[in-house]
Amino acid sequence: MAKRRKKGSSHTPKAEDRHWYGKRQTARAAKSATRTGTATTGPRRESATATADRPPRRSAPDGPELVTGRNPVVEALRAGIPASTLYVMTGAADDRIRESIKLATNAGVPLLETGKAELDRLTDRAVHQGIALQVPEYDYAHPDDLLHRGSPTLIVALDGVTDPRNLGAVVRSAAAFGAHGVLVPERRAAGVTAGAWKTSAGTLASVPVARATNLVRALKSYQKAGVFVAGLDARGANGIDSLDAATGPMVLVVGSEGKGLSRLVAETCDLLVNIPMPGKAESLNAGVAGGIALYEIARRRAS
């Protein structure tokens, strides 16, 4: 029968508290130095200084996106989303996979046949149904680039919009009503994904999207360049239909459906405007609100 360990002062001491611990560590260090040619002084412990001197970890940059599944892949190819590679698992075949292969071939997208294990690895074991489409990383513009694409300048900035479909819808409206670009924050915001490409109906190929490290700082930079910044928010005292600045260079800032504009962004805007809604809806999502506001701005500019 195994002996029960006693509690209290007679408990088993830790290895480093035993009398032989120091001698054993010195012997191990000497053996390691003989084998590697590098002297060590004992167990590998990281000093506080070494930890402090180490540069901070940086998050990995955005990389290629993989669209997986038979329906999502064929829909992405039908929408003309830019793609770099179509992966098809050996032996996988049905009407959607055959259509995907045909669409990819017509678009000049390279086709790679791969085994299930390799496709599992590429997709991080997502449900791929034997097919995956690689979408290359989007090449974002610099915020200043949007100032020089037309006159008078019209830029749409998104604050707190996290759904890529809303981003795609805003880009589509921007293309329809003559905006010169869309600005999004670098963090906690939707980026250009396959979903955004699909919702934009291909207009992302003609309307650039820029990323700002700090949205408030970017808006202030636009103001210094002589651009009027109007925030679309339910708290606005004026309706978008009475915005006289619409005919000049301006930035329209659209917030999220739930929270609207953040406090700092709202304080930075030159004016807050709303969309008059006589109906029962309390709010509109970013894609719909941006489209309505851009239509009104385009109408005022044309008159």
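Here, the structure is the one placed above.
Since the model is a prediction, treat every value here as computed from it, not as a measurement.

Rules used throughout
Residues numbered from 1 in each chain as written. Predicted model: local features only at pLDDT ≥ 70, side-chain atom pairs only at ≥ 80, totals over all residues. Heavy atoms only, no water. Helix = DSSP H or I, 4+ residues; strand = E, 2+ residues; numbered from the N terminus. Buried < 20%, exposed > 50% of the residue type's maximum accessible area, 1.4 Å probe, protein only. Contact = heavy atoms within 4.5 Å. Polar contact = N/O pair within 3.5 Å; in protein donor to acceptor, adjacent residues only side chain to side chain. Pairing = 2+ DSSP bridges. Axes fitted to C-alpha atoms, helices over the stretch in contact; angles between N-to-C directions. Phe/Tyr/Trp six-rings, centres within 6.5 Å; stacked < 30°, edge-to-face > 60°. Arc of directions from axis to C-beta. Salt bridge = Lys/Arg side-chain N within 4 Å of Asp/Glu carboxyl O.

(A) Geometry of the environment of L204. Inspection of the secondary structure puts L204 in the loop between α7 (194–199) and β7 (209–212). Overall, the relative accessible area of 4% leaves L204 in the buried class. The spatial distance from the C-alpha of L204 to the C-alpha of A175 is 8.5 Å, given a sequence separation of 29 residues. Not counting residues up to four positions away in its chain, the partners in contact with L204 are Y138, V171, V192, A196, W197 and V209.

(B) Here's a closer look at the environment of Q129. Take Q129: it is sitting in the loop between α5 (116–122) and β4 (131–135). As for Q129 and M89, which are separated by 40 residues in sequence, their C-alpha atoms are 8.5 Å apart. From its side chain, Q129 meets the backbone nitrogen of R70 in a polar contact 2.9 Å long.

(C) Molecular detail of the sheet that holds β7. Taken together, seven strands build an open sheet; the order of strands is β7-β6-β5-β10-β8-β11-β9 and the sheet is parallel. Of all the strands in the sheet, the pair left with one neighbour each is β7 and β9 (238–239). Against the sheet, helix α8 (residues 215–224) contacts β5 (154–159), β6 (181–185), β7, β8 (228–232) and β10 (250–255), and its axis sits at roughly 160° relative to β5. Taken strand by strand, helix α10 (residues 286–302) contacts β5, β8 and β10, and its axis lies near 160° from that of β10.

(D) Examining the packing of aromatic side chains more closely. One pass over the structure, following the stated rule, counts three aromatic pairs. Ring plane angle 80° and centroid distance 4.8 Å describe the contact between Y138 and Y140, whose orientation is recorded as edge-to-face. Owing to a relative accessible area of 15%, Y138 belongs among the buried residues under this scheme. Consider the rings of Y138 and W197, whose centres lie 6.5 Å apart with planes at 70°: the pair is edge-to-face. In this pair, Y138 is assigned in the loop between β4 and β5 and W197 in helix α7, connecting sequence segments 59 residues apart. With relative accessibility at 11%, the residue W197 sits in the buried group. Taken together, the aromatic side chains of Y138, Y140 and W197 make up a single cluster linked through ring pairs.

(E) Fine view of helix α3 (residues 70–78). Taken together, the buried positions of α3 are V73, V74, A76 and L77. Seen along its axis, α3 keeps its buried residues to an arc of 160°; they face one direction. Contact partners of the buried residues in α3: β1 (65–68), β2 (85–89), α4 (95–106) and β4. Positive phi appears at G80, one or two residues downstream of α3, with a value of about 75°.

(F) Looking closely at the pattern of salt bridges. Considering all chains together, one arrives at 13 salt bridges under this definition. The partner of R121 in a salt bridge is E118, and the shortest N-O contact between them spans 2.6 Å. Highlighted residues: R121 and E118, both in helix α5, separated by three residues, approximately one helical turn. Residue classification places R121 among the exposed positions, given a relative accessible area of 55%. Here E267 makes a salt bridge to R263, at a shortest N to O gap of 3.3 Å. Highlighted residues: E267 and R263, both in helix α9 (residues 263–268), separated by four residues, approximately one helical turn. Here the two residues E267 and R263 agree in accessibility, since each one is exposed. Ionic contacts of the salt-bridge type, sharing partners, join the residues R70, D94 and R96 into one network.

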